[in-house]
Amino acid sequence: MAIKYWEFEDAPFKEKLKNPNVKEVSKIFFDNETESYRFSVLLSEIKKKKQLRLKDVPAAIPIATAKRYLDYAVQLGLLKHEDNIYEFTDRFSKPMRNIAAYIKAWMDIQQEEDLSIQFPNARFDKQQKRGGKKTTEQQVNTSGNEQQ
């Protein structure tokens, strides 16, 4: 997701609300222009017809591609998929507000947290290098091992 928070701060957000368009919506979810365009076409079709079936997808977009984009929108909470029909829904606005409130509450508390207890299965040590350019220390060790 390509959410650029500064575009949704108060002043820029108020400007955007004066002239909302599908391009701005699709730019949130896709950086690639082609993906954004396809997603916009599908959302526009749903907006126009109030619902969309895969057999009614515009011919310019392959059905498998449309299904992938529509299922992604369902996953995001932008659409719902019932009885082979995709329709708009609003499942993400309240949870997003709750996520923002939770993050704000976490930022405000002054409590120390032990991350090693919270993430017991995480790897704590630095990973060994897997290829790439050798450092001078590795070159010395390698040349020293060859002589013995």
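Residues numbered from 1 in each chain as written. Predicted model: local features only at pLDDT ≥ 70, side-chain atom pairs only at ≥ 80, totals over all residues. Heavy atoms only, no water.

Topic: the side chain of Glu-45
- On the secondary structure map, Glu-45 appears in helix H3 (residues 33-49).
- The contacts of Glu-45, once residues within four sequence positions are left out, are Lys-50, Leu-52 and Pro-58. (Helix = DSSP H or I, 4+ residues; strand = E, 2+ residues; numbered from the N terminus. Contact = heavy atoms within 4.5 Å.)

Some remarks on the pairing of strand E2 (residues 85-88)
- Alignment of strand E1 (residues 79-82) against E2, held across four bridges, turns out to be antiparallel. Of the residues in E2, the one forming a bridge with Leu-79 is Phe-88.
- What sits between the antiparallel neighbours E1 and E2 is a turn of two residues, in which Asp-83 has the positive phi angle 55 degrees. (Pairing = 2+ DSSP bridges.)

Notes on the packing of H3 against helix H4 (residues 63-76)
- Two elements in contact, H3 and H4, have axes separated by 10 Å at closest approach and are oriented at 75 degrees. By the angle between their axes, H3 is roughly perpendicular relative to H4. Two secondary-structure elements touch here, H3 through Glu-35, Arg-38, Phe-39, Leu-42 and Ile-46 and H4 through Thr-65, Ala-66, Tyr-69, Leu-70 and Ala-73.
- Residues belonging to the contact of H3 with H4 are distributed by class as follows: seven nonpolar, one polar and two charged. (Axes fitted to C-alpha atoms, helices over the stretch in contact; angles between N-to-C directions. Parallel < 35°, antiparallel > 145°, perpendicular 65-115°, else oblique. Nonpolar A, V, L, I, M, F, W, Y, C, P; charged D, E, K, R; others polar.)

Regarding the packing of helix H2 (residues 22-29) against H3
- At a closest axis distance of 9 Å, the pairing of H2 and H3 adopts a crossing angle of 125 degrees. On the basis of their axis angle, the class for H2 and H3 is oblique. The element H2 and its partner H3 pack so that their crossing is right-handed. Here H2 contributes Val-22, Lys-23, Val-25, Ser-26, Lys-27 and Phe-29 to the contact with H3, which in turn contributes Ser-36, Phe-39, Ser-40, Leu-43 and Ser-44.
- Taken together, the residues of the contact of H2 with H3 sort by class into five nonpolar, four polar and two charged. (Left-handed = near helix turned anticlockwise from the far one by under 90°.)

Brief notes about H3
- For H3, built from 17 residues, the straight-helix expectation of 24 Å at 1.5 Å per residue is met to within 8% by its first-to-last C-alpha distance of 24 Å.
- Every buried residue belonging to H3 is among Ser-36, Phe-39, Ser-40, Val-41, Leu-42, Leu-43, Glu-45 and Ile-46, and all of these are buried.
- Tucked into the core, H3 has its buried residues touching H2, H4, E1 and E2.
- Sitting at the head of H3, Asn-32 places a side-chain oxygen 2.7 Å from the backbone nitrogen of Thr-34. (Expected span 1.5 Å × (residues − 1). Buried < 20%, exposed > 50% of the residue type's maximum accessible area, 1.4 Å probe, protein only. Polar contact = N/O pair within 3.5 Å; in protein donor to acceptor, adjacent residues only side chain to side chain.)

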